[in-house]
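# Observations on the three-dimensional arrangement
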Amino acid sequence: MDAAAFAVLYAQVQQFYARQMQLFDAGDAPRWAQTFTADAVFDVPTLPAPVTGRAGLAASLTAAAGAASRCGVRLRHVVSMLDVAARGDGLVDVRCYALVYATRVGGAPRVHRVCVCEDVLVAAPGGGLLVVRRRVRRDDLAAG
Amino acid sequence: MDAAAFAVLYAQVQQFYARQMQLFDAGDAPRWAQTFTADAVFDVPTLPAPVTGRAGLAASLTAAAGAASRCGVRLRHVVSMLDVAARGDGLVDVRCYALVYATRVGGAPRVHRVCVCEDVLVAAPGGGLLVVRRRVRRDDLAAG
Amino acid sequence: MDAAAFAVLYAQVQQFYARQMQLFDAGDAPRWAQTFTADAVFDVPTLPAPVTGRAGLAASLTAAAGAASRCGVRLRHVVSMLDVAARGDGLVDVRCYALVYATRVGGAPRVHRVCVCEDVLVAAPGGGLLVVRRRVRRDDLAAG
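Per chain, residues are indexed from 1 in the order of the written sequence. Naming scheme: in the order in which they are written, chains are lettered from A and ligands are numbered from 1. For this predicted model, a pLDDT threshold of at least 70 governs which residues receive local features, and a threshold of 80 or more governs which side-chain atom pairs are given and counted, while totals over whole chains, interfaces and linings are taken from all residues. Hydrogens are left out, water is left out, and the side-chain values use all remaining heavy atoms of the structure.

Next up on the list: the packing of helix α1 (residues 3–25) of chain B against helix α1 (residues 3–25) of chain C. Taken N-terminus to C-terminus, the directions of α1 of chain B and α1 of chain C make an angle of 70°; their axes are 8 Å apart at the nearest point. It follows from the interaxial angle that α1 of chain B and α1 of chain C lie roughly perpendicular. Crossing handedness for the pair α1 of chain B and α1 of chain C: left-handed. Across the interface between the two elements, Ala 7, Val 8, Ala 11, Gln 14, Gln 15 and Ala 18 of chain B from α1 of chain B touch Ala 3, Ala 4, Phe 6, Ala 7, Tyr 10 and Gln 14 of chain C from α1 of chain C. Gly is placed with the polar residues, together with every amino acid not listed as nonpolar (Ala, Val, Leu, Ile, Met, Phe, Trp, Tyr, Cys and Pro) or charged (Asp, Glu, Lys and Arg). Broken down by class, the residue content of the contact of α1 of chain B with α1 of chain C amounts to 9 nonpolar, 3 polar and no charged. Interaxial angle, 0 to 180 degrees, is taken between N-to-C directions of lines fitted to C-alpha atoms, where a helix line uses only the stretch in contact. Labels follow the DSSP assignment, with helices taken as runs of H or I lasting at least four residues and strands as runs of E lasting at least two, numbered in each case from the N terminus. Oblique is the label for any angle not under 35 degrees, not over 145, and not in the 65 to 115 range, which are roughly parallel, roughly antiparallel and roughly perpendicular in turn. For any helix crossing, the convention is left-handed if the near helix is rotated counterclockwise from the far helix by under a right angle, and right-handed if that rotation is clockwise. We call two residues contacting when some pair of their heavy atoms lies within 4.5 Å.

Moving on: the interface of chain B and chain C. It is common to give the size of an interface as the accessible area that goes away when the parts come together. Residue-level contacts link 24 residues of chain B with 27 residues of chain C. Note: buried area is the sum, over both parts, of the accessible area (probe 1.4 Å) each one loses when the two are combined. Per-residue buried area on chain B facing chain C is highest for Gln 15, Gln 22 and Arg 76 of chain B; these three make up 30% of the total on that side. Whenever a carboxyl oxygen of Asp or Glu lies within 4 Å of a side-chain nitrogen of Lys or Arg, that contact is scored as a salt bridge. Seen at the junction of chain B and chain C, the total is 1 salt bridge. Across the pair Arg 76 of chain B and Asp 139 of chain C runs a salt bridge, and its minimum N-O distance is 2.8 Å. Whenever two N or O atoms come within 3.5 Å, that pair is a polar contact, provided that in protein one can donate a hydrogen and the other can accept it, and provided that, for residues adjacent in sequence, both atoms are side-chain atoms. In this structure, the connection of chain B to chain C is made through 10 residue pairs in polar contact (both at pLDDT 80 or more). Among the secondary structure elements, those contributing two or more residues to the side of chain B that touches chain C are α1, β3 (73–86) and β4 (91–104) of chain B.

On to the relation of the copies chain B and chain C. Least-squares superposition of the copies uses the C-alpha atoms of those residues scoring a pLDDT of at least 70 in each of them. Take chain B, turn it by 120°, move it 0.0 Å along the axis, and it overlays chain C with an RMSD of 0.0 Å. What we have between these two chains is a three-fold relation. Of every C-alpha in chain B, the one belonging to Ala 7 of chain B sits nearest the axis of rotation, 3.8 Å from it. Little of the interface of chain B is mirrored in chain C, where only 17% of its interface residues again form contacts.

Take the packing of aromatic side chains next. Note on ring pairs: Phe, Tyr and Trp rings are taken, using the six-membered ring of Trp, and paired if centres are within 6.5 Å. Classes follow the plane angle, with under 30 degrees stacked, over 60 edge-to-face and the rest tilted. This structure, assessed with the given rule, holds 18 aromatic pairs over all chains. Residues Phe 16 of chain A and Tyr 17 of chain A carry aromatic rings whose centres are separated by 5.5 Å and whose planes lie at 70° to one another, so their mutual orientation is edge-to-face. Both residues of the pair, Phe 16 of chain A and Tyr 17 of chain A, belong to the buried class. Considering the side-chain rings of Phe 24 of chain C and Trp 32 of chain C, the 5.0 Å spacing of their centres and the 70° angle between planes classify their relative orientation as edge-to-face. For the pair Phe 24 of chain C and Trp 32 of chain C, a shared accessibility class is recorded, and that class is buried. These aromatic residues form a ring-pair network of at least three members: Phe 24, Trp 32, Phe 36 and Phe 42 of chain A. Exposure is judged per residue with a 1.4 Å probe applied to protein chains only, and the accessible area is read against the type maximum: over 50% gives exposed, under 20% gives buried, and values in between give partly exposed.

Turning to the environment of Leu 75 of chain C, a few remarks are in order. Residues and elements named next belong to chain C. Counting through the fold element by element, Leu 75 comes out in strand β3 (residues 73–86). Looking at Leu 75, the relative accessible area reads 25%, which means it is partly exposed. Taking the C-alpha atoms as reference, Leu 75 lies 9.9 Å from Arg 110; in sequence the two are 35 residues apart. If we skip the residues at most four places from it in the chain, Leu 75 touches Asp 25, Ala 68, Val 100, Tyr 101, Ala 102 and His 112.

Turning next to empty space enclosed by the protein. Here the term cavity refers to a set of points on a 1 Å grid, laid over the protein atoms alone, in which a 1.4 Å probe fits but cannot get out; the term pocket refers to an open set having protein on both sides within 12 Å along at least five of seven lines, with lining residues being those that place an atom within 4 Å of a point. Grid points are joined across faces, edges and corners, and a volume is the space filled by probe spheres set on the points. Counted under the stated rule, the structure contains 2 cavities of 30 Å³ or more. Roughly 520 Å³ of volume is contained in the largest cavity. Contributing to the lining of the largest cavity are 32 residues, with Ser 80 of chain A, Val 79 and Ser 80 of chain B together with Val 79 and Ser 80 of chain C lying nearest its centre. Roughly 50 Å³ of internal volume is contained in the second largest cavity. Lining the second largest cavity are Ala 7, Tyr 10, Ala 11 and Gln 14 of chain A, Ala 7, Ala 11 and Gln 14 of chain B together with Ala 7, Tyr 10, Ala 11 and Gln 14 of chain C. Elements with a minimum of two residues in the lining of the second largest cavity: α1 (3–25) of chain A, α1 of chain B together with α1 of chain C. Each residue belonging to the lining of the second largest cavity can be placed in one class, and the counts come to 8 nonpolar, 3 polar and no charged.

Its place among the elements puts Gln 22 of chain B in helix α1. A relative accessible area of 7% places Gln 22 of chain B in the buried class. Among the polar contacts made by the side chain of Gln 22 of chain B, one reaches the main-chain carbonyl oxygen of Met 81 of chain C at a distance of 2.9 Å. The residues contacting Gln 22 of chain B, other than those within four sequence positions of it, are Met 81, Asp 83, Arg 95, Cys 96 and Tyr 97 of chain C.

Turning next to the pattern of salt bridges. Residues and elements named next belong to chain C. Applying the stated criterion across every chain, the model contains 27 salt bridges over all chains. Note that Asp 89 is salt-bridged to Arg 87, the shortest N-O span being 3.6 Å. Since its relative accessible area comes to 51%, Asp 89 is described here as exposed.

Below is the structure:
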């Protein structure tokens, strides 16, 4: 991939995460779930086991958003340091940092989580990208 | 807008915010005010009412920079998760997160604010971008 | 430099920092040192004097990684607000914010450092970029 094509991909990846994280933080479960492929695997330490498929993904966000709301906490997910590599097979590997900030109304914000996120992305049929597989590891948990 | 044109815009938007936030944190009121259109509306929770126009913008930064300096605090504004959409009319909508970090000499840094920033940008006559309208909401204040 | 060439450069710079910071946080001293030119100058407040050359750079990372490991702390370096300017001579000036997050296993994450990083980059012979000179200043130390 030449430098110009890489720049196009890099912007697309950044825009994808910006929208996906904002949908997550807004608790928009149906639209967030649509940013994954139908058979995507979502492996995060918050869940007892990996989730597969959009219905399960949407349910996990609805549960998480409800819990945050009951606690009076607003969460913001910020993805950074995107190391992006296009594979030959049309898939895109991304390794990045995912930080979560938590704020209560009337309270001081804090850094809630520092995570490493490893994604495999694929071009969506109608343009844009979809997550095929996501693995997240938290810095505050022992390596696993 | 095709993917190549979007990549050009996305880089331009990122560079715009990088420079604008650094001007703000440096307290460079005249040059920061020039990153807005002459009739820009700046609506942030720190100010009692929206500010319109560059003289008012510059005055608001001079006041904020003076207050931070008297408190011995250095502020850094970091914009992330840029969701960028070009409208048909030449304007660009940006919705992003704006985090503010505060550090005292000899002290530990902290996350001071977590905000959502909604901007409308326009191409500047001499190249680059300008803010037409900015609305910022803080996560620690009740929704308004 | 026109807007399209700038977008290519901007993506390249972002990818460079993503990989370089991840190599640093992984403690991969040999590969991290290779992201600098052979005669690069690395001037950071953590070190008593500027370091020149890859052997010294690698040794400084090995020492830092060992110290963090003994303390049970995982560090993540996040670079943001990249103000990128190509000079006429083929060098690239970057001024950005560098934030460091620290997390202990079983503990809450915290913002460890807020810094301003000023780099001069150059195109690497085999593609990509290298750091020619880096100067980092911490917000918690008096201006120097």
